[in-house]
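A look at the structure
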Amino acid sequence: MSTKAAEGAAPLATRQRRRRMPTELSIFLVLVGIALIYEVLGWMFIGQSFLMNSQRLTIMILQVSVIGIIAVGVTQVIITGGIDLSSGSVVGMTAMIATSFAQSSTWGRAVFPSLTDLPAFVPIMVGLLIGAAAGLANGALIAYTKIPPFIATLGMFVSARGVAKWYTKGQPVSGITEQFHFIGTKAWPVVVFLVVALIFHIALRYTRYGKFTYAIGANPQAARVSGINIEAHLVKVYVIAGLLAGLAGIVTAARAETAQASMGVGYELDAIAATVIGGTSLTGGVGRITGTVIGTIILGVMTSGFTFLRIDAYYQEIVKGLIIVAAVVIDVYRQKKRRKH
């Protein structure tokens, strides 16, 4: 190639990169498109507006906030090239254990009668510690025994659900204090979700923690050569994911005013779906919390839209599965295109 041709090619490549639409913007446009489709279908088949019903939108946002909290942790795990299948079960386990320390003395069937009317920070700390311990077990197994993340977190998926059922022999835990219930009232679940998303958006984008996370997912060998302690960092990432799953369990129990062993069933798949829809690559090294937030809202809009159009729940699960597959196919195509450039 001549010198002039090379000089002309460089500015062209630069212009192409500038013209390329940011991933978050394209995902946001998908969100807008889906919402408008539901709006049109609503007027056509139901005779109602989908977007102008504030009560429906409020319920939708509250429902997806718990999935969003989990998805923030799952995003970081997937960026490292891993996966976390245990988060839904950890939600159930932490909800059961934390709520047993949040019971009121007026409730006649307290799990620990001598530990009632405790300040809200006690069950919150218990829940967070239980979640972090589950994440620590996942991270240690993956980092130091080299067990594939799929297998390690699948084991925790089964074990945590077993603990949730064993803890009270399958009986629900109710009678929580008003102080603990407050966490799940009004818009607090959404506030918790947005604060968590903001914290880890900053952590991934502007701190050494984020640089290490992306480096491990992009090229583990290069990360090790550059001096990153991969094992220690992976443990840290999985502890954070477990901690956030524990937080989601606390919010879920506080909102429902009770805890059941079945809480969180399927949440891990919803969190993974929101993460992948939000542009995080399952191959690792690529992803942003902002994309995950939009992906979580897309998932919520779709679920709410299905209910709005009175579509059977079975079809909802089928479509959700197809969306996950489609998002992965798009990701594979995007990665191939990036390697060519």
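All figures in this text were calculated on a predicted structure; none of them were measured in a lab. (Residues numbered from 1 in each chain as written. Predicted model: local features only at pLDDT ≥ 70, side-chain atom pairs only at ≥ 80, totals over all residues. Heavy atoms only, no water.)

A word on the overall build of the protein chain
- On a plain count of helices and strands, the protein chain comes out with 14 helices and 2 strands.
- Taken over the C-alpha trace, the protein chain has a radius of gyration of 22 Å; the compact-globule value for 341 residues is 20 Å, and the two agree within 12%.
- The buried share among the 341 residues of the protein chain stands at 49%.
- Taking the intrachain contacts of the protein chain between residues at least 6 apart in sequence as the baseline, contacts between residues at least 24 apart amount to 78%.
- For the protein chain, the computed accessible surface area is about 17100 Å², with 68% contributed by carbon and sulfur atoms. (Helix = DSSP H or I, 4+ residues; strand = E, 2+ residues; numbered from the N terminus. Rg over C-alpha atoms; globule rule 2.2 N^0.38 Å. Buried < 20%, exposed > 50% of the residue type's maximum accessible area, 1.4 Å probe, protein only. Contact = heavy atoms within 4.5 Å. Areas by Shrake-Rupley, 256 points an atom, 1.4 Å probe, with all protein chains shown as cover.)

Describing helix α11 (residues 230-256)
- Look at α11: 39 Å from first C-alpha to last across 27 residues, which is about the 39 Å you get at 1.5 Å a residue.
- Counting buried residues in α11 gives 21 out of 27 residues, a clear majority hidden from the surface.
- Looking one or two residues beyond α11, the residue adopting positive phi is Glu257, at roughly 65 degrees. (Expected span 1.5 Å × (residues − 1).)

Let's talk about a nonpolar patch on the surface
- A cluster of nonpolar residues, Leu25, Phe28, Leu29, Val32 and Leu36, forms a patch on the protein surface that exposes about 420 Å² of accessible area.
- In this fold, Val32 is placed in helix α2 (residues 23-46).
- Look at Val32 and you get partly exposed, because its relative accessible area is 32%. (Patch = residues over 30% accessible without salt bridge, like charges linked within 9 Å, V, L, I, M, F, W, Y side chains within 5 Å. Salt bridge = Lys/Arg side-chain N within 4 Å of Asp/Glu carboxyl O.)

Considerations on the pattern of salt bridges
- As enumerated under the stated definition, the model contains 3 salt bridges in all.
- Salt-bridge contacts for Glu231 lead to Lys146; the nearest nitrogen and oxygen are separated by 2.9 Å. Highlighted residues: Glu231 in helix α11 and Lys146 in the loop between α5 (121-144) and α6 (149-167), separated in sequence by 85 residues.
- For Glu231, a relative accessible area of 14% gives the class buried.
- Here Glu231 and Arg224 are joined by a salt bridge, their closest N and O atoms 3.0 Å apart.
- What emerges from the salt-bridge pattern is a single network uniting Lys146, Arg224 and Glu231.

Describing the packing of aromatic side chains
- Scanning the entire structure with this criterion turns up 7 aromatic pairs.
- With 6.3 Å between their ring centres and 65 degrees between their planes, Trp166 and Tyr167 make a pair best called edge-to-face.
- On the basis of relative accessibility, which here comes to 19%, the residue Tyr167 falls in the buried class.
- Taken together through their ring pairs, the aromatic side chains of Tyr38, Phe50, Phe306 and Phe308 make up a single cluster. (Phe/Tyr/Trp six-rings, centres within 6.5 Å; stacked < 30°, edge-to-face > 60°.)

A word on the environment of Gly246
- For Gly246, the location among the structural elements is in helix α11.
- Sequence spacing of Gly246 and Ser87 is 159 residues, and the spatial spacing of their C-alpha atoms is 8.3 Å.
- Discounting chain neighbours no more than four positions away, the residues touching Gly246 are Val90, Thr94, Gly127 and Gly131.

Description of the confidence of the model for the protein chain
- With 93% of its residues at a pLDDT of at least 70, the protein chain reaches an overall mean of 89.
- Across residues 1-10 the pLDDT falls below 50, and counting only partners more than four positions away or on other chains, this stretch makes 1 contact in the model.
- Note on residues 12-18: pLDDT is under 50 here. Beyond four places in sequence and across chains, it has 0 contacts. (pLDDT = per-residue confidence, 0-100.)

Section: the UniProt feature "transmembrane region" (unreviewed entry) in the protein chain
- UniProt records the feature "transmembrane region" (unreviewed entry) for residues 25-46, 58-78, 90-108, 120-143, 150-167, 187-204 and 289-308 in the present numbering.
- With 100% helix and 0% strand, the stretch residues 25-46 has end C-alpha atoms that lie 30 Å from each other.
- The distance separating the terminal C-alpha atoms of residues 58-78 is 29 Å; by composition the span is 100% helix and 0% strand. (UniProt positions renumbered as here; feature names shortened; annotations may be inferred.)

Remarks on the nonpolar core
- In terms of nonpolar packing, the biggest core is built from 80 residues, with Tyr38, Ile69, Val72, Phe180, Phe200, Leu244 and Ile298 touching the most fellow members.
- Look past the residues within four positions of Val72 in its chain and what remains in contact with it is Phe193, Val196, Ala197, Phe200, Leu244, Ile289 and Thr292.
- Ile216, Ile228, Ile230 and Leu234 belong to the second-largest nonpolar core, a separate cluster that totals 7 residues. (Core = buried A, V, L, I, M, F, W, Y, C linked by side-chain atoms within 4.5 Å.)

Concerning unusual backbone geometry
- The backbone of Lys186 sits at a positive phi, close to 50 degrees, despite the residue not being glycine.
- Phi angles above zero are rare outside glycine, and Arg310 is one such case at about 60 degrees.
- By relative accessible area, Arg310 is classed as exposed at 63%.

Quick word on helix α3 (residues 54-79)
- Across its 26 residues, α3 extends 35 Å between first and last C-alpha, which sits within 8% of the 38 Å expected from 1.5 Å per residue.
- If you look at α3, its biggest bend is around 30 degrees, right at Ser65.
- Counting buried positions along α3 yields 19 of 26 residues, so the element is predominantly enclosed.
- Near the N-terminus of α3, the side chain that reaches the backbone nitrogen of Gln55, with its oxygen 3.2 Å away, is that of Asn53.
- Gly81 sits one or two residues past α3 and shows a positive phi near 95 degrees. (Bend = angle between axes of the 7 residues up to and from the residue. Polar contact = N/O pair within 3.5 Å; in protein donor to acceptor, adjacent residues only side chain to side chain.)

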